[in-house]
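Coordinates in review
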Amino acid sequence: MGGSSGIGEATATRLAADGAEVVITGRDRSRLDAAVERIGGKTTGRVLDATDADLVAEFFAGSDAPIDHLVLALSGASGSGPIASLDPEQLAAGFAGKFWPFVRVLQAALPRLSARASVTFVTAASAGAAFPGTAGLAAINGALQAMVPPLAVELAPIRVNAVSPGVIDTPWWDAIPTEARAELFTGISAATPVGRVGRADEVADVIRLFVGNGFMTGTVIDCTGGANLPTGR
């Protein structure tokens, strides 16, 4: 879910290269078709707006084969800003764009998941960070991460895990002008132990680990380049 760009596309590329039959979803047909061509292998694209409950239910009801691995790489852009001026409607929109689609998709997918399936949430490091202006994002992603351990127990033997990425250079940042984005990335890189922002394929490697390792469940892995560590800088 959310496989037409960024972390979702990178994950699909990794899994398709392993020989998996991959289905990616997204809202835009042209972007999906372009992603399918880039990914290659046994990949197909399906148009789906995961914020629409009826479309999500229809999507999974029409699935004609068990789903072995479900990756939720949907992202939203609302909910950030200083708490003093944060519009509650914008925070609600943030939950509507990410938290509720994750829950809705998981519920609809459950009858179609194979007995030993895996589910991977792509959350965000804002869930555990302490940066001014990110309390709303922390609430959205923190809520998803908090669900992982109880879901792993409740849904067993289906495995449930999450990867929590830091700043990753993906199209999610495209709304910021190029020069400002470069300046932002430079500043973040200087405060990160690895000295740079991340790549989508690096997060995809963590998801691939979750997919392939049948002894991992209830786990949240940070993929932040160490940005969540106190460095003394």
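Structure first, text after, so check above.
Below, the structure is looked at part by part. Note that the structure is a prediction, hence the values are computed from the model and not measured.

Along its length, the protein carries 7 helices and 6 strands. Reading the protein from its N end, one meets helices and strands in the order α-β-α-β-α-β-α-β-α-β-α-α-β. The C-alpha atoms of the protein give a radius of gyration of 17 Å, which matches the 17 Å a tight globule of 233 residues would have. With respect to the three principal axes, the spread of C-alpha positions in the protein is 50 × 35 × 35 Å.

The subject of this paragraph is the packing of aromatic side chains. Throughout the structure, instances matching the rule amount to 5 aromatic pairs. Both rings, one in F99 and one in W100, keep their centres 4.9 Å apart while their planes meet at 80 degrees; by these two values the pair is edge-to-face. Taken together, a centroid distance of 5.6 Å and an interplanar angle of 85 degrees make the contact between W173 and F185 edge-to-face. Of this pair, W173 sits in the loop between β5 (159-165) and α6 (178-190) while F185 sits in helix α6; the two residues are 12 residues apart in sequence, bridging distant segments of the chain. Three or more aromatic residues joined by ring pairs form one cluster here, namely F95, F99 and W100.

Another aspect to go through is the sheet that holds strand β6 (residues 220-223). Pairing between sheet strands relies on hydrogen bonds along the backbone, with the strands arranged either parallel or antiparallel. Spatial ordering of the open sheet is given by β3-β4-β5-β6, a layout of 4 strands whose pairing is parallel. The open sheet has two free edges, formed respectively by β3 (67-72) and β6, since each of these has just one partner strand. Each neighbouring strand pair of the sheet contributes to a mean axis angle of 15 degrees, computed without reference to strand direction. Across 5 bridges, the pairing between β3 and strand β4 (residues 113-122) is parallel.

Cut-offs and rules
Residues numbered from 1 in each chain as written. Predicted model: local features only at pLDDT ≥ 70, side-chain atom pairs only at ≥ 80, totals over all residues. Heavy atoms only, no water. Helix = DSSP H or I, 4+ residues; strand = E, 2+ residues; numbered from the N terminus. Rg over C-alpha atoms; globule rule 2.2 N^0.38 Å. Phe/Tyr/Trp six-rings, centres within 6.5 Å; stacked < 30°, edge-to-face > 60°. Pairing = 2+ DSSP bridges. Axes fitted to C-alpha atoms, helices over the stretch in contact; angles between N-to-C directions.

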